[in-house]
Amino acid sequence: MIGLISATAAGAAARDRLAAAWPDRTRVYDGPVGDAVRRAFAECEQLVCFLATGAVVRLVAPLLGDKRTDPGVVCVDEGGRFAVSLVGGHGGGANELARVVGGLLGAEPVVTTATDAVGVPGLDTLGLPLEGDVAGVTRALLDGEPVALDAEVSWPLPPLPVAARGAYTIRLTDRAVEPAAHEVLLRPPSLVVGVGASRGAPADEVLGLVERVLRDAGLSARSVAELATVDAKAEEPGILAAAERLGVPLVTYSAEELAAVEVPNPSDAPLAAVGTPSVAEAAALVRGGELLVPKRKSERADGQPAMATCAVVRRPGRGRLAVVGLGPGARDLLTPRAEAELRRASVLVGLDQYVDQIRDLLRPGTRILASGLGAEEERARTAVAEARRGQAVALIGSGDAGVYAMASPALAEASDDIDVVGVPGVTAALAAGAILGAPLGHDHVSISLSDLHTPWEVIERRVRAAAEADIVVTFYNPRSRGRDWQLPKALAILAEHREPATPVGVVRNASRPDESSRVTTLAALDPATVDMMTVVTVGNTATRQIAGRMVTPRGYRWQAPSISGSATDPQEDTK
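Being a predicted model, the structure only gives us computed values, none of them experimental.

The rules we used
- Residues numbered from 1 in each chain as written.
- Predicted model: local features only at pLDDT ≥ 70, side-chain atom pairs only at ≥ 80, totals over all residues.
- Heavy atoms only, no water.
- Phe/Tyr/Trp six-rings, centres within 6.5 Å; stacked < 30°, edge-to-face > 60°.
- Helix = DSSP H or I, 4+ residues; strand = E, 2+ residues; numbered from the N terminus.
- Buried < 20%, exposed > 50% of the residue type's maximum accessible area, 1.4 Å probe, protein only.
- Core = buried A, V, L, I, M, F, W, Y, C linked by side-chain atoms within 4.5 Å.
- Contact = heavy atoms within 4.5 Å.
- Pairing = 2+ DSSP bridges.

*Asks:* Describe the packing of aromatic side chains, and please don't skip the residues or the numbers.
*Replies:* If you walk through the whole model with that rule in mind, you get 2 aromatic pairs. Here the aromatic rings of Tyr404 and Tyr476 are separated by 4.7 Å at their centres, their planes lie at 50°, and the arrangement is tilted. Within this pair, whereas Tyr404 is found in the loop between strand S19 (392–397) and helix H15 (407–413), its partner Tyr476 is found in strand S23 (residues 472–476), the two being separated by 72 residues in sequence. Owing to a relative accessible area of 10%, Tyr476 belongs among the buried residues under this scheme. Seen in terms of ring centroids, Trp456 and Trp485 are 5.0 Å apart; in terms of plane orientation they differ by 70°. Their pairing is edge-to-face. With a gap of 29 residues between them, Trp456 in helix H17 (residues 456–468) and Trp485 in the loop between S23 and helix H18 (486–495) connect regions that are remote in the sequence. Residue classification places Trp485 among the partly exposed positions, given a relative accessible area of 41%.

*Asks:* Which residues make up the nonpolar core, and what are the values?
*Replies:* In this structure, Val193, Val195, Leu214, Leu227, Cys310 and Val312 are the most contacted members of the largest nonpolar core, which totals 22 residues. Every element with two or more residues in this core is listed here: strand S11 (191–197), helix H7 (203–217), strand S12 (224–230), helix H8 (237–246) and strand S15 (308–314). With 6 residues, the top contributor of residues to this core is H7. Excluding its chain neighbours within four sequence positions, the residues that come into contact with Cys310 are Val193, Gly194, Val195, Leu209, Val210, Val213, Ala280, Pro294, Lys295 and Arg296. Of all hydrophobic cores here, the second largest spans 21 residues; its members include Leu487, Leu494, Leu522 and Leu525.

*Asks:* Now, about the sheet that holds strand S28 (residues 549–551): what can you tell me, with residues and values included?
*Replies:* On the basis of which strands lie adjacent, the open sheet formed by 3 strands has the order S21-S28-S27 and mixed pairing. The outermost strands of the open sheet, each flanked by one partner alone, are strand S21 (437–438) and strand S27 (544–546). Examined bridge by bridge, S27 and S28 share 3 bridges and lie antiparallel to one another. From the neighbouring strand, Ile546 faces S28, where its bridge partner is Arg549.

Given below as structure tokens:
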């Protein structure tokens, strides 16, 4: 919950805007400001104070305890100009909250945390348990001193400005080791502990077995991601209590799933009891990985038979591939989600000219793999291969990555051994449509006229179908020096079904500094004025020019037949 506190009418107005935007995430604290801050500080994970920074400093100073547990505090000035991350930038999430609040209120986010200021991820923001000389290694990163990354386990990390060797080290390990001098240990959640237990097995016996097995194998309990068992043991009190005390989730699988897993130590006892010859080993291995510790049984001081078993598997981190659409070119049409993915990626793959567009958004340490035109399939293979190595990869394309861009070849290469995230972008058709007016107001289709990958016979059949169906058509890749006849042919097909006066919009370099656009007609368009940087949108039989803009009406029954831009019913469609 985010507590909201204000003292004046101006502050209350901004406070109420935030409360309206986040009705389920915020709570307004009224009354004397000092009391309101104290109550919110005790009850909320984060605070937004619409007060002077000096006042907030004095109010929260006596309340501060530990930066790992204190709420994050953001201060917004009464004029709504700045959203300042004041306390708990990383641990309390105040840095990100300042950015989001700034976006909602139109305020400038102010983040002064050293790592954020220079674009280096804070080690305490990686989402992994850490130990060792955090301050010293962080200072070395900020000062540009060589810091080595020793990754004993494959895990997708954001970009870090690391070197092959250095006096400082970031060590990614799930082994039970102590940090050396000038070293930080990052604990990836790479270990899965499979457990089996007889009915009524004590929690101490289950937990004691798990802890002993990890200790004997030299593995860190801080890297345990989950306990895993069979569905029949999902409510076993001893297993549930062990998971709770370890602070990890309990994951269960059906007996059928576990029975299909090949294990080194099957047994008749679990087969008779729950329907699978293995519980501990199979539950640990069912999603793949390396078996580090085969099945072990608990030891009882009273000499009675063991009531618990466990096995340990190292499951490597899944690589992550984000396929990112950069939009048509203007920086303000690049989505915040796309920016976040660019900052998160340790490897960037893309066309060289697209890389140049967003190079300034990349964090130090990002590895850039750029290539020229015509290497789309190779870029897709490269991006997937890097993700399979456990990297966090961003594969970029213009517009929307799924529209004539990199998503299709990348997903054709990818399998279920990596995580894939699609990040939508503003397409060229949408950017051009906004410039032209509302040409896409009803059904529309996009067709690429490039026959480099698609036979012309297929393209022509699609153009003819769109013409016969009276659908607005946006042509991508309409004309180049080596392909000068396809656009005239496509326009001639449309002209068989549409009047010569049908509006046609021509937009070149939509949203870029040298953008140009015009509205002409099907009869007047000169294909020689079109190139590969141009999008051509041809209206349907209902499209009109109104005040110099292309408008394709929705065609509602209540709409005026004159298509004058007015309607008899002002209600808007809310799809």
